[in-house]
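# Results of the structural survey
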Amino acid sequence: MLKKSVYTQIKILLNQKLAIITFFLMLILVLYNYFNNIYINLGKDVIELFQPMLITTISGYKNISFYFMQYFPFMVILPASFSYMLDKSANTTIFLELRVGKKYYYIGKVIAVFLVTFLVFTIPLLLEILLNLIAFPIQANGDPNGFPIYSDTFISTVDSWFLPSLYVISPVLYTVTFTIIFGLVCGLLSVFTLAISTLDLIKFKIILFIPIYLLFILLIFIESFFSLSISTNYIDYIRIFSNVNLGGGAYISVLCSLLLVSLLIIAFKARKDSL
Amino acid sequence: MKVYVKLLTLSFIFGLIFYFSYRTADFLSDVILIMGFQNYEIFIGETFKLVQFLLPFILFQMLFGTYIYQHFCTASIYHFTRINNRIKWFLKESVNLLIYCVSYVILLVVFTTVFFEISNTLTYDKESFIILVCYVLINSLFLFFITLLTNILSINFKSHVGFMISNGFVLACISIFIYWDDKLAFYKTENINIEDIQSDGKLIQLNPISHLVIKWHSSNIETVNERINQFGINFDLYSSVVLFLLLSILTIIVGCLIVKNKDFIITNTETGD
């Protein structure tokens, strides 16, 4: 029954324009960055080329990631977070609940929203990694900031990233891993917004833009209020290769809290609807 | 009444946030400049200061982005059969929205000033009041413009699309600053050319978000000009008031046309509630 619920809801989500539009927006962004990288590096010798994994769209080295990160709190909820409200307006909720049961409707909804958001953001970025591997020689090791790779500055920069030892083993593996983590975070944020949308006080879809945006900006304010030594700016955590002091434990705690709150809200809603 | 409680709560919270972000000020104008993106410089890493300090406005835009549109969602046919002149109704609602925008900006200033006054002794002089009036006018009109734009776009495309378009416009304007990173003559340390500075001064005025940064403006009053005009350019405070006034009038005209021609046979239900 759960399989059926997830499958139907994914089908409904993919039929809605927002998921497809967001996917193509991501694809355009990624292809623009890819062709821009090719244009910049055209005719250069291999020793002058940057490491191809350092120049992907969500890399901290690329200006395009700044543009993307500005829109990110709003873009992340576009593919699937409105699905509960859209189901309600089209009366699909009643139909699906009758077909698969209330419990499986909500579990299926969470899984479908998570998967669709994950795929919409991850597929274009993985495609870019593949294109970079085809277009640029893997031996290229240049640092976009111009530091030699065995210099103390570059080594200390690598040390400031999450899991630096993984980058030392393989930059490709590192980038693929963190692209997948990026997709998982997108899925989690989308599920959190979905949970908020099930609350009865939400009457308009526009209100669903508030939770993630507010959370991100308030976290930025916390850094300046308490003069923290670690960054609380979401862009440093969501982009790969951010050269700042990161708080890994705090990041995981925030994500776990979001997941817990989301699941609690949805469990409460499913229980309330069953009575 | 409910609306004013919402405005009071929001402005209280953001007043506190503004206070905790800086904490020290000598003049009332210092407080206003803090609220008017004082510490923002056109560098790529600073972009998020703009997004951060736009939070009170974007939140207002989200909360009031359905103020007029909500009448088109629930019982719209019933509602509009009782209104003889839709344009008159729209203008009345727009004036109400403008009053809320002005009240919100004034409340923000009041709460922030009160919080700064608790730990500092502020000086209230003539220059501060001139900057205050310009700040309230510029920001109220900007807020009114984007909120009304969200409302009229929502009438045609539903609220989430309306918000994405209007907010997308604001974020696109901020993105221009990312593009200008390291390109403007103001931040050059060598080969400084006055003509380049003046032409870049004209260039930044093309970006509507530049008009929100009070510190970049100039004034005909010398004592006011000394407190602002960071780049020494000709960027009059009143020109920003006129710009947002014109944009607001244009949005009202477009809104009148949209509301007048809205076809209720195709009813727009946001959530089914």
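Residues numbered from 1 in each chain as written. Chains lettered and ligands numbered in written order. Predicted model: local features only at pLDDT ≥ 70, side-chain atom pairs only at ≥ 80, totals over all residues. Heavy atoms only, no water.

## Notes on the overall build of chain B
What counts here: Secondary structure elements follow DSSP: runs of H or I of four or more residues count as helices, runs of E of two or more count as strands, with numbering from the N terminus. This radius of gyration counts C-alpha atoms alone. The globule rule is 2.2 Å times how many residues there are, raised to the power 0.38. A contact between two residues is defined here by any heavy atoms of the two lying within 4.5 Å. For this count, His and the chain ends are skipped, Lys and Arg are scored as positive, and Asp and Glu as negative. Working definition for charges: the position is that of NZ of Lys, CZ of Arg, CG of Asp or CD of Glu.
Of the regular secondary structure elements, chain B holds 11 helices and 0 strands. Along chain B, from the amino end to the carboxyl end, the secondary structure elements read α-α-α-α-α-α-α-α-α-α-α. A compact globule built from 273 residues would reach a C-alpha radius of gyration of about 19 Å, and chain B, at 20 Å, matches this within 12%. In terms of overall dimensions, chain B has C-alpha extents of about 65 × 40 × 30 Å along its principal axes. Once local pairs closer than 6 in sequence are excluded, the contacts in chain B between residues at least 24 apart make up 77%. Distance between charge centres in chain B, computed from 17 positive and 20 negative side chains, equals 16 Å.

## Concerning the overall build of chain A
Here is the rule: Burial classes: relative accessible area under 20% of the type maximum marks a residue as buried, over 50% as exposed, and values in between as partly exposed (1.4 Å probe, protein chains only). All accessible areas in this document rest on Shrake-Rupley with a 1.4 Å probe, and a residue is counted as covered only by the protein chains that are shown.
Each helix and strand in chain A was counted, giving 12 helices and 0 strands. In summary, chain A has a C-alpha radius of gyration of 21 Å against a globular reference of 19 Å for 275 residues, a match within 12%. Summarising its shape, the C-alpha atoms of chain A cover approximately 65 × 45 × 30 Å along the three principal directions. Split into buried and exposed, the 275 residues of chain A put 51% on the buried side. Intrachain contacts of chain A at a sequence separation of at least 6 include 77% that bridge at least 24 residues. About 12500 Å² of surface is accessible on chain A, with carbon and sulfur atoms providing 71% of the total. In chain A, 17 side chains carry a positive charge and 12 a negative one; their mean positions are 22 Å apart.

## Thoughts on the nonpolar core
Where we set the bar: Nonpolar core, defined: a set of buried Ala, Val, Leu, Ile, Met, Phe, Trp, Tyr and Cys residues in which side-chain atoms within 4.5 Å join the residues together.
One finds M69(A), F72(A), F182(A) and F209(A) to be the most contacted residues of the largest nonpolar core, which totals 176 residues. Among the elements that line this core, the one with the most residues is helix α7 (residues 126-157) of chain B, at 18 residues. F209(A) has contacts with F74(A), I77(A), L78(A), F82(A), M62(B), H160(B), F163(B) and M164(B), leaving out every residue within four places of it along the chain.

## Focus on the interface of chain B and chain A
When the parts come together, some accessible area is lost, and that loss is often what is quoted as the size of the interface. This is how the line gets drawn: Throughout, the accessible surface (probe 1.4 Å) given up by two parts as they are put together, summed over both, is called the buried area. The rule for a salt bridge is simple: a side-chain nitrogen of Lys or Arg has to be within 4 Å of a carboxyl oxygen of Asp or Glu. Pairs of N or O atoms are called polar contacts if they sit within 3.5 Å, as long as, within protein, a hydrogen donor faces a hydrogen acceptor (for residues adjacent in sequence, only side-chain-to-side-chain pairs).
Across the contact, 41 residues belong to chain B and 30 residues belong to chain A. Around 3300 Å² of area is buried between chain B and chain A when both sides are counted, 73% of it from carbon and sulfur atoms. The interface formed by chain B and chain A includes 0 salt bridges. Connecting chain B to chain A are 6 residue pairs in polar contact (both at pLDDT 80 or more). Among the secondary structure elements, those contributing two or more residues to the side of chain B that touches chain A are α1 (2-22), α3 (47-53), α4 (55-64) and α8 (159-179) of chain B. In terms of residue count, α8(B) provides more of the side of chain B that touches chain A than any other element does, 12 residues in total.

## Thoughts on the packing of aromatic side chains
What counts is decided by this rule: Centre distance within 6.5 Å is the pairing criterion for rings of Phe, Tyr and Trp, where only the six-membered ring of Trp is used; planes under 30 degrees apart are then read as stacked, over 60 as edge-to-face, and the remainder as tilted.
Under the defined criterion, the tally for this structure stands at 55 aromatic pairs over all chains. Aromatic pair W161(A) and Y174(A): ring centres 6.3 Å apart, planes at 40 degrees, arrangement tilted. Here W161(A) is found in the loop between α7 (152-160) and α8 (164-169), whereas its partner Y174(A) is found in helix α9 (residues 171-197), with 13 residues between them in sequence. With respect to burial, W161(A) and Y174(A) carry one shared label: buried. Judged by centre distance (5.6 Å) and plane angle (70 degrees), the ring pair of Y40(B) and F177(B) falls under edge-to-face.

## Side note on the pattern of salt bridges
For the structure shown, the criterion picks out 4 salt bridges over all chains. The salt bridge involving D200(A) is made with K269(A); its shortest N-O contact spans 3.3 Å. Remark: K269(A) occurs in helix α12 (residues 248-274) and D200(A) occurs in the loop between α9 and α10 (210-225); sequence separation between them is 69 residues. In this structure, the salt-bridge partner of R227(B) is E127(B), at a minimum N-O distance of 3.9 Å. Note that R227(B) is positioned in helix α10 (residues 222-227) and E127(B) in helix α7, a separation of 100 residues in sequence. Overall, the relative accessible area of 14% leaves E127(B) in the buried class. One network of salt bridges, in which partners are shared, links D125(B), E127(B) and R227(B).

## Some details on the packing of helix α6 (residues 86-119) of chain B against α7(B)
All names here are of chain B. Using the following cut-off: Here the axes come from fitting lines to C-alpha atoms, over the contacting stretch only for helices, and the angles between their N-to-C directions go from 0 to 180 degrees. For classification purposes, angles smaller than 35 degrees are called roughly parallel, those larger than 145 roughly antiparallel, those between 65 and 115 roughly perpendicular, and all remaining angles oblique. Whether a crossing is left-handed or right-handed is set by the direction in which the near helix is turned from the far one by less than a right angle, anticlockwise for left-handed and clockwise for right-handed. Three categories are distinguished: nonpolar for Ala, Val, Leu, Ile, Met, Phe, Trp, Tyr, Cys and Pro, charged for Asp, Glu, Lys and Arg, and polar for the others, with Gly belonging to the last.
It is at 9 Å that the axes of α6 and α7 come closest, and there the two elements cross at 135 degrees. Looking at the two axes, α6 sits oblique to α7. The two elements α6 and α7 meet at a crossing, and its hand is right-handed. Residue-level inspection shows F90, S94, L97, L98, C101, V102, Y104, V105, I106 and V109 of α6 in contact with α7, the latter providing L132, Y135, V136, N139, S140, L141, L143, F144, T147, L148, N151 and I152. Residues belonging to the contact of α6 with α7 are distributed by class as follows: 17 nonpolar, 5 polar and no charged.

## With respect to the side chain of S59(A)
Residues and elements named next belong to chain A. For S59, the position within the fold is in the loop between α2 (17-41) and α3 (63-75). Among the residues examined, S59 registers a relative accessible area of 0% and is labelled buried. Residue contacts for S59: discarding those within four places in its chain leaves L54, S65, I240 and F241.

## Overview of unusual backbone geometry
Residues and elements named next belong to chain B. Despite not being glycine, F37 has its phi angle at roughly 60 degrees, a positive value. Mapped onto the elements, F37 comes out in the loop between α2 (28-35) and α3. Under the relative-accessibility criterion, F37 is labelled buried at 3%.

## Considering the environment of K49(B)
Residues and elements named next belong to chain B. With respect to the secondary-structure elements, K49 resides in helix α3. For K49, a relative accessible area of 29% puts it in the partly exposed group. Between the C-alpha atom of K49 and that of F157, which follows or precedes it by 108 residues, the distance is 31 Å. Discounting chain neighbours no more than four positions away, the residues touching K49 are N39 and Y40.

## Some remarks on the packing of helix α6 (residues 102-135) of chain A against α9(A)
Residue and element names in this part refer to chain A. At a minimum axis distance of 8 Å, the contact between α6 and α9 shows a crossing angle of 155 degrees. By the angle between their axes, α6 is roughly antiparallel relative to α9. Relative to α9, the crossing made by α6 is right-handed. Looking at the contact of α6 with α9 residue by residue, the class counts come to 18 nonpolar, 7 polar and 1 charged.

## Overview of α7(A)
Residue and element names in this part refer to chain A. Where we set the bar: Comment: arc refers to directions from the helix axis out to C-beta atoms.
Regarding α7, the residues found buried are F154, T157 and V158. Across the axial projection of α7, the buried residues extend over an arc of 95 degrees, all falling on one side. For α7, exposure combined with an orientation more than 90 degrees from the buried face picks out D152 and D159. Where α7 is buried, its residues meet α8.

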